[in-house]
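# Residue-level structure breakdown
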Amino acid sequence: MSGGRPRALASLGIVLGLGAVVTSAAWSDTATATSGVFSTGSIDLRIDGQDGNPDAYAFAAWSKSGLYPGERSSAKLPVQNTGSTPLSYTITASASSSDLAPYMVYVLKDGEPNGESGNRCSGNDLGPVTWMEKGGTTDAFDAPRTLAPGESEYVCFQIRLHPDAADTADTNNSVEGKSVDVAFNFHATAV
């Protein structure tokens, strides 16, 4: 019976070994982390409280008939960010294919209309003094302007019929009695 004893010891070793494996798996733990809610912000550029898109904002406060060479016209326009994130915006000016366009010079400023009959803008230039391009587009700002959510600012638009327009009265290229359509296009992007 000496052979039974080694078998019993081997069987006992197997049982102890299995018990050790089962015992080591008896403790375990898990944990879960959930995130908060992710949502997108919005930008909403408004001109005088209106979208200006898809229908253009009618800037009726800024028009002038009967301009003469050297005369200016100006008006201010409120620009607002009614969205939830900061935005930056630019403005370009597009002129119609009128022969008058190359004689029109404009500048945008951060002030108010002032001077004789409000024909000039006070304040700092926001861009260069720029000649309109016949049937073309020009940049109105030196750099994009930034607005925080809920912030607004005024932009003063000033245009002038250049004195050189008088020289056309004696030529076949006269701009006397002509008109030009100008669209100032605002483009906003999230900062």
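The rules behind each value
Residues numbered from 1 in each chain as written. Predicted model: local features only at pLDDT ≥ 70, side-chain atom pairs only at ≥ 80, totals over all residues. Heavy atoms only, no water. Helix = DSSP H or I, 4+ residues; strand = E, 2+ residues; numbered from the N terminus. Polar contact = N/O pair within 3.5 Å; in protein donor to acceptor, adjacent residues only side chain to side chain. Contact = heavy atoms within 4.5 Å. Buried < 20%, exposed > 50% of the residue type's maximum accessible area, 1.4 Å probe, protein only. Pairing = 2+ DSSP bridges. Core = buried A, V, L, I, M, F, W, Y, C linked by side-chain atoms within 4.5 Å. Disulfide = S-S within 2.5 Å. Salt bridge = Lys/Arg side-chain N within 4 Å of Asp/Glu carboxyl O.

In this chain, Asn53 is followed by Pro54 through a cis amide linkage whose omega measures 10 degrees. With respect to the helices and strands, Pro54 occurs in the loop between β1 (45-47) and β2 (72-81). In this structure, Asp48 is a non-glycine residue whose phi angle is positive, near 55 degrees. With respect to the secondary-structure elements, Asp48 resides in the loop between β1 and β2.

What follows is about the side chain of Gln80. Here Gln80 shows up in strand β2. Within the structure, Gln80 has its side chain in polar contact with the backbone nitrogen of Gly49 (distance 3.0 Å). Those residues in contact with Gln80 that sit more than four places away from it in its chain are Asp44, Leu45, Arg46, Ile47, Asp48, Gly49, Leu147, Glu151 and Ser152.

Inspection of the secondary structure assignment puts Phe184 in strand β11 (residues 182-190). Phe184 sits 89 residues away from Ala95 along the chain, and the two C-alpha atoms are 8.9 Å apart. Beyond its immediate sequence surroundings of up to four residues, Phe184 is in contact with Trp62, Ile91, Thr92, Ala93, Tyr106, Leu108, Met132 and Phe157.

All right, on to the pairing of strand β3 (residues 87-95) then. Counted residue by residue, β3 has seven buried out of nine residues, so it is predominantly covered. Pairing geometry for β3 and strand β9 (residues 145-147), over three bridges, is antiparallel. Residue pairing across strands places Ser88 opposite Thr146, the latter belonging to β9. In this sheet, β11 lies alongside β3 in antiparallel orientation, the contact comprising nine bridges. Pairing of Leu87 across the sheet is with Ala190, part of β11. Summarising the sheet, β3 and strand β8 (residues 137-139) pair through three bridges and their orientation is antiparallel. Note on β8: the bridge partner recorded for Thr92 is Asp139.

Tyr89, Ile91, Leu108, Met132, Phe157 and Phe184 are the most contacted members of the largest nonpolar core, which has 31 residues in total. Within the residue set of this core, elements represented by two or more residues are β1, β2, β3, β4 (104-109) and β10 (152-161). Sort the elements by how many residues they give to this core and β3 lands first, with five residues.

This part covers the state of the cysteines. Counting across every chain of the model gives one disulfide. One disulfide in the model links Cys121 with Cys156; its S-S distance is 2.0 Å. Classification of the bridge connecting Cys121 and Cys156 rests on its S-S torsion, roughly -80 degrees, and on that basis the disulfide is left-handed. Here Cys121, found in strand β6 (residues 120-121), pairs with Cys156, found in strand β10; they are 35 residues apart in sequence, far enough to count as distant. Take Cys121: its relative accessible area is 6%, and that puts it in the buried class. With relative accessibility at 0%, the residue Cys156 sits in the buried group.

We now examine the pattern of salt bridges. Under the criterion given, the structure shown has seven salt bridges. Here Arg46 ties to Asp51 by a salt bridge, and the two come within 3.4 Å at their closest N and O atoms. Using a relative accessible area of 23% as the deciding quantity, one classes Arg46 as partly exposed. A salt bridge links Lys76 to Glu112; the nearest nitrogen and oxygen atoms lie 2.9 Å apart. Within this pair, whereas Lys76 is found in strand β2, its partner Glu112 is found in the loop between β4 and β5 (113-114), the two being separated by 36 residues in sequence.

Any functional reading would require information that these geometric values do not contain.
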